[in-house]
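Report on the structure
Listed here are the chains, written in short residue letters.
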Amino acid sequence: MNYENIVIHIENNSATVTINRPSKLNALNVATISELHKAFKTLNKNKEVQVIILTGSGEKAFVAGADISEFAHFSVDEGTKLAAEGQEKLFDFIENLNKPVIAAINGFALGGGLELAMACHIRVASDNAKMGLPEASLGVIPGYGGTQRLPQLIGKGRAMEMIMTAGMITADEAYRTGLVNHVVPQTELLEFCNGIAQKIVKNSPNAISKAIKSVNANFKEGKNGYKTEIKSFGKCFGTEDFKEGTTAFLEKRKAVFTGK
Ligand code: COA
């Protein structure tokens, strides 16, 4: 598939998706959101791919936010639709994917950019990265899940302060608050993320997708995470991956998982 705003590279069972609008600091316009949706949908079905790394092109930005020029003149209905469609097509879609998504935050992750990173399962920042939700300085609030995921990740009080001040935090501050799992030099960012990806691909894809579902259930209204876990745990016993994993352990060899 040909994309205008993103680039995909697949190697060693890991796909790297690069948002490629460097002249606009990789700002998320509607076309890019749509391409990302298609790409994640396709990669989710691709058996060769077990992990996805999401990053931005250039050295300056991961994603500097939703494309302000696109929504500056929107009405109430258009604004509501923008948030609803974006959440469904991209942010919730990534969070609920069967495969782990690692955000490699290579610079500014602001507004929709930070919201995109927060929808991913794991976040790693380069040491020059700056993160924030500046929406309140534009007269809006975060609309791609930021008011929900930021408190989940760093706690309500810190999230309130970040949203209300509309300020930016450094990669080190993000690490201290648990917003990112690691901070590494920019030149080592993708290699570091690939290292995490290669640890993940050794494990059962089936178990990993069930783990994502179970962890997410804790944050979904009307879901009981413990019950989701019990159901998913039980289902594992009917999979080839479970037979292979336990047999390999008992035979003192490395497991070779098929994801079945
Ligand atoms: N939407 C649309 N265009 C954006 C953008 C966004 N969110 N963020 C950056 N750009 C564009 C700029 O308009 C500029 O385009 P131009 O060269 O055609 O004028 C280009 O990207 C480079 O940005 P610039 O502002 O010149 O870079 P800078 O180094 O001076 O500042 C930032 C970098 C990130 C501090 C600044 O671009 C910024 O504040 N961006 C908006 C962040 C934001 O509010 N995001 C939340 C949106 S909801």
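Because the structure is predicted, anything quoted here is derived from the model rather than measured.

Bringing the sheet that holds strand 3 (residues 51-56) into the picture now. Read across the sheet, six strands follow the order 1-2-3-5-7-10 without closing on themselves; strand pairing throughout is mixed. The open sheet has two edge strands with one neighbour each: strand 1 (6-11) and strand 10 (182-184). Recorded for the sheet is a direction-independent mean angle of 20° between the axes of neighbouring strands. Bridge analysis of strand 7 (residues 122-126) against strand 10 gives three bridges, and the strand direction is parallel. In the strand pairing of strand 10, V124 is matched with H182. Helix 1 (residues 30-45) contacts strand 1, strand 2 (14-19), strand 3 and strand 5 (101-105) of the sheet and is inclined by roughly 20° relative to strand 1.

For the rest of this paragraph, the subject is a negative patch on the surface. On the surface, a cluster of negative charge is contributed by D127, D172, E173, E188 and E191. Here E191 shows up in helix 8 (residues 189-200). Residue classification places E191 among the exposed residues on the basis of a relative accessible area of 60%.

Tallied over the entire structure, the rule returns three aromatic pairs. Here F233 and F237 contribute two aromatic rings whose centre-to-centre distance is 5.0 Å and whose plane-to-plane angle is 65°, an arrangement assigned as edge-to-face. On the basis of relative accessible area, F233 is assigned to the exposed category, the value being 54%. By relative accessible area, F237 is classed as partly exposed at 43%.

Sheet topology note: the strand 1/strand 2 ladder contains six bridges and is antiparallel. Considered in strand 2, the bridge of H9 is made with T16. Linking strand 1 back to strand 2 in an antiparallel pair, the connection comprises two residues, with N12 at a positive phi of about 50°.

Okay, the environment of T187 next. Along the chain, T187 falls in the loop between strand 10 and helix 8. Its relative accessible area of 75% is what places T187 among the exposed residues. Taking the C-alpha atoms as reference, T187 lies 22 Å from R176; in sequence the two are 11 residues apart.

With that settled, consider the environment of R176. Locating R176 in the fold gives a position in helix 7 (residues 171-177). In this structure R176 comes out as exposed when scored by relative accessible area, which is 63%. With 22 residues separating them in the primary sequence, R176 and I154 have C-alpha atoms 9.4 Å apart.

Right, let's get into the pairing of strand 7. Burial analysis of strand 7 places five of its five residues in the buried class, the great majority of the element. Of the two faces of strand 7, the one carrying I122, V124 and S126 and the one carrying R123 and A125 are both buried. Pairing geometry for strand 5 and strand 7, over four bridges, is parallel. Following the sheet pairing, I102 is matched in strand 7 by I122.

Turning to the domain arrangement of the protein chain, a few remarks are in order. Domain boundaries in the protein chain define domain 1 (6-201) and domain 2 (205-250). The C-alpha centroid of domain 2 is placed 26 Å from the C-alpha centroid of domain 1. Every contact between the two is made by 10 residues of domain 1 and, on the other side, seven residues of domain 2. Across the domain 1/domain 2 interface, buried area totals approximately 640 Å², and carbon plus sulfur atoms make up 61% of it. Our enumeration of links across domain 1 and domain 2 arrives at zero salt bridges. The interface formed by domain 1 and domain 2 includes three residue pairs in polar contact (both at pLDDT 80 or more). Class assignment of the residues belonging to the side of domain 1 that touches domain 2 gives a composition of three nonpolar, five polar and two charged.

Neighbouring residues of the ligand: 16 residues in total, closest K24, K60, A64, A66 and I68. Take K24: an N or O atom from its side chain is 2.6 Å from an oxygen atom of the ligand. Between a nitrogen atom of the ligand and a main-chain N or O atom of I68, the distance comes to 2.9 Å. Here the ligand loses 60% of its free accessible area of 870 Å² to cover by the protein chains.

Read across the open sheet, the four strands follow the order 4-6-8-9; overall the sheet is mixed. On the outer flanks of this sheet lie strand 4 (61-63) and strand 9 (168-170), each paired with one strand and no other. When the angles between neighbouring strand axes are averaged without regard to direction, this sheet yields 20°.

Rules of the game
- Residues numbered from 1 in each chain as written.
- Predicted model: local features only at pLDDT ≥ 70, side-chain atom pairs only at ≥ 80, totals over all residues.
- Heavy atoms only, no water.
- Pairing = 2+ DSSP bridges.
- Helix = DSSP H or I, 4+ residues; strand = E, 2+ residues; numbered from the N terminus.
- Axes fitted to C-alpha atoms, helices over the stretch in contact; angles between N-to-C directions.
- Contact = heavy atoms within 4.5 Å.
- Patch = residues over 30% accessible without salt bridge, like charges linked within 9 Å, V, L, I, M, F, W, Y side chains within 5 Å.
- Areas by Shrake-Rupley, 256 points an atom, 1.4 Å probe, with all protein chains shown as cover.
- Salt bridge = Lys/Arg side-chain N within 4 Å of Asp/Glu carboxyl O.
- Lys, Arg positive; Asp, Glu negative; His and termini not counted.
- Charge placed at Lys NZ, Arg CZ, Asp CG, Glu CD.
- Buried < 20%, exposed > 50% of the residue type's maximum accessible area, 1.4 Å probe, protein only.
- Phe/Tyr/Trp six-rings, centres within 6.5 Å; stacked < 30°, edge-to-face > 60°.
- Domains from an automatic or database assignment.
- Buried area = accessible area lost by both parts, 1.4 Å probe.
- Polar contact = N/O pair within 3.5 Å; in protein donor to acceptor, adjacent residues only side chain to side chain.
- Nonpolar A, V, L, I, M, F, W, Y, C, P; charged D, E, K, R; others polar.
- Near = heavy atom within 4 Å.

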